[in-house]
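Examination of the molecular architecture
The chain contents come next:
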Amino acid sequence: MEKANFAAPLGCEPAKLPFTYLGVPVGANMNLTKHCRPVIERFRSRLSLWKSKTLSLGGRLTLSKAVLGSLPTFYFSLFVAPASVIKTLEKLRRNFLWGGAEESRKINWVKWQKVLSPKNAGGLGLGSLKALNLALILKWWWRLKVDGTSLWCRALAELDINTDDVFVKDVGSDEDTVFWQDRWNGAATLKDSFPELYKLERHKKCKVSDQITTDGLVWNWKSSPTSPDERSQLEAIIARAEVHHPLSRRDKWICNLSHDGTFQVRSLRSQIDERNESSDEAVIDWIHDIPIKVSCFMWRAVLDRLPTATTLIRRGIQLPSPTCTWCGLEPEDTDHVILRCPKAMMVWEWIIRWCEIPDLHFTHTKDLVEFTSKWGTCHKKRRTLIAICYGTAWLLWKARCDWIFKKTRSSPAVVADMIKSTVFTWVKHRRTKCTFRWMNWCVNPFKCV
Ligand SMILES: [Zn+2]
C-alpha cells in the first residue's frame, strides 16, 4: 500500500524483482540458465524466420554475422553468459549455417572452432559468442580505467576486481598512481615485490609523483632500512624506480590484448578467437570482387569439405557409387570435380588460352589458390585472376550439380562462356572505378582496360 502511494504521483505501478527493463531482466540471477531463456528464444525465432534453406552458404554466413552475432549484444554487454547458454546459442548458429538446402543431412562440414576463427587464421571470421561476451564485458573495465570520474566508475572502483593482466597503466606525469599499491612498474605491485620495505613505509598511499621527483627518489620511512634483507630490497627498488622517467605526457591505460594498446570490441574479439584456434594461415584470398558465396565455396573446397561422393561416403552416407557421374571414370572428390575431371580440364584449357597463362595446370585446389595469390606483380591483375579461377571452380561445381540434379547437359564451351560473362559482371559491378570493356574482356581479361 505504501509503495503504491509513492508510485502513484510518478505515474508508475509498483512491481517486484525480477522485472524486464528495455528487454533485459533486472534483478534476476543471470548465472541461471532459465533467466537467459529470452535471449535463446529470440535467437531461435530469428532462425526459423530466415528459412535458411533458400540461402547460399555465403548468404547464411552474412546473416549469421550481421544479426545472430549482434542480437545478444545487449545481454552480452551486461552479463557474463553461463557456458551452457553460449553452447546452446552456438549450436543454433551452427545448425543455421550448415542447414541449407544442399546440406540434406545437416553435416557440420568444418569444425565449428575453425569456422569462428578469423579469416587470416584460416576461418570464416564468424567470431565466437564467448569471445564477444568477454570483449563486451571488458569494455566496461576499459571505460572504467580511461574515464574513471563518472559516478558508476567510482561506485565500481569500490569493488575489488582483478583486471591487472588485461589493462596496464603506462605512468606519465599524472598524480593518481599509487606508488606501492598500483601496478605500474613491472609485473607485480611494489608492495608485493618488496614487502619488507613496504612495512617501513610511513605513507602507504603515496603517489608515484611524490616518490619520484626531478631531484631524485624521496623516501618516508618509519625507520631507515638497516637489515641485510631491507638493504638489498632497497637497492633493487631503486634500480626499478630509476627506469621510470616522469614524462611530460599524461598517464595512459594500455589494453594488453590488442595490437596498438587501444580498446576495440571487434579486434579484441578476434584476438580471443585467434588465441583459441591454433593459428593457421588464411585458406583463400578473401577478395571483394566476387560474391561471398563464391569465396565461401572456395574456402570449403580448399579444406576438402564439399559434399562430393567421396566425402559423403566417408561420412557414412549411402551412395550407389563413388564414381564421378560427370565422366564416369574416377572417384569423385573435390580436386577431381574442380581440376581433374576431363570435363573440367577442357574448361581449364579454354581459360588458359583466354588468359594466356600456360602454368595454370594443377591437380590440387590448394595449389591453384597458392599460385593465384602469388601470381604476377600487378595487384589488380592478380585480383582479376583470382576472381576468374575461383569463379571457374564455382561454376564447374554448379555445372556438376546441374548435371546430377537437374540433368542439364552443358558442354565445356557453354560453361566457359558462362565463366567469362559471370566473372565480368562480378568484377565490373563490384570493383570501384572499373573501366573494363566487354569486347576487350572477351579477347583477354588482362588487356581489357
Ligand atoms: Zn569426372
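Coordinates for the structure precede this section.
This section reports on the structure supplied with the text. Here the structure is a predicted model, which means the values were calculated and not measured.

On to the nonpolar core, then. With 47 residues, the main nonpolar core has F297, M298, I338, A344, Y390, A393 and L396 as its most contacted residues. Counting residues per element, this core draws most heavily on helix α19 (residues 379-406), which supplies 11 residues. Each of domain 1 (2-109) and domain 3 (292-443) contributes no fewer than three residues to this core. Excluding residues within four positions of it along the chain, F297 makes contact with L57, W394 and W397. Counting residues in each nonpolar core, the second largest holds 20 residues, with C36, V39, V85 and C255 among its members.

With that out of the way, let us pick up the environment of T311. By the element assignment, T311 lies in helix α15 (residues 309-314). Taking the C-alpha atoms as reference, T311 lies 7.1 Å from D333; in sequence the two are 22 residues apart. Look past the residues within four positions of T311 in its chain and what remains in contact with it is D304 and L306.

Where helix α14 (residues 292-302) meets α19, the axes come as close as 10 Å, and the angle between the chain directions of the two elements is 80°. Relative to α19, the element α14 is oriented roughly perpendicular. Between α14, through V294, F297, M298 and A301, and α19, the contact on the second element is made entirely by Y390, G391, A393, W394 and W397. Considering only residue class, the contact of α14 with α19 consists of 8 nonpolar, 1 polar and no charged.

Mapped onto the fold, I254 is located in strand β6 (residues 252-255). Put simply, I254 and D170 are 84 residues apart on the chain and 6.7 Å apart in space, counted from C-alpha to C-alpha.

Here we take up helix α20 (residues 412-430). End to end, α20 covers 27 Å across 19 residues, agreeing with the expected 27 Å (1.5 Å per residue, within 8%). When α20 is considered as a whole, its buried residues turn out to be V415, A416, I419, K420, T422, V423, F424 and V427. Those residues of α20 that are buried lie in contact with α17 (342-355), α19 and α21 (438-443).

The rules behind each value
- Residues numbered from 1 in each chain as written.
- Predicted model: local features only at pLDDT ≥ 70, side-chain atom pairs only at ≥ 80, totals over all residues.
- Core = buried A, V, L, I, M, F, W, Y, C linked by C-beta atoms within 7 Å.
- Buried ≥ 20, exposed ≤ 12 C-beta atoms within 10 Å, placed from the backbone.
- Helix = DSSP H or I, 4+ residues; strand = E, 2+ residues; numbered from the N terminus.
- Domains from an automatic or database assignment.
- Contact = placed C-beta atoms within 7 Å.
- Axes fitted to C-alpha atoms, helices over the stretch in contact; angles between N-to-C directions.
- Parallel < 35°, antiparallel > 145°, perpendicular 65-115°, else oblique.
- Nonpolar A, V, L, I, M, F, W, Y, C, P; charged D, E, K, R; others polar.
- Expected span 1.5 Å × (residues − 1).

Any link to function would need more than the numbers given here.
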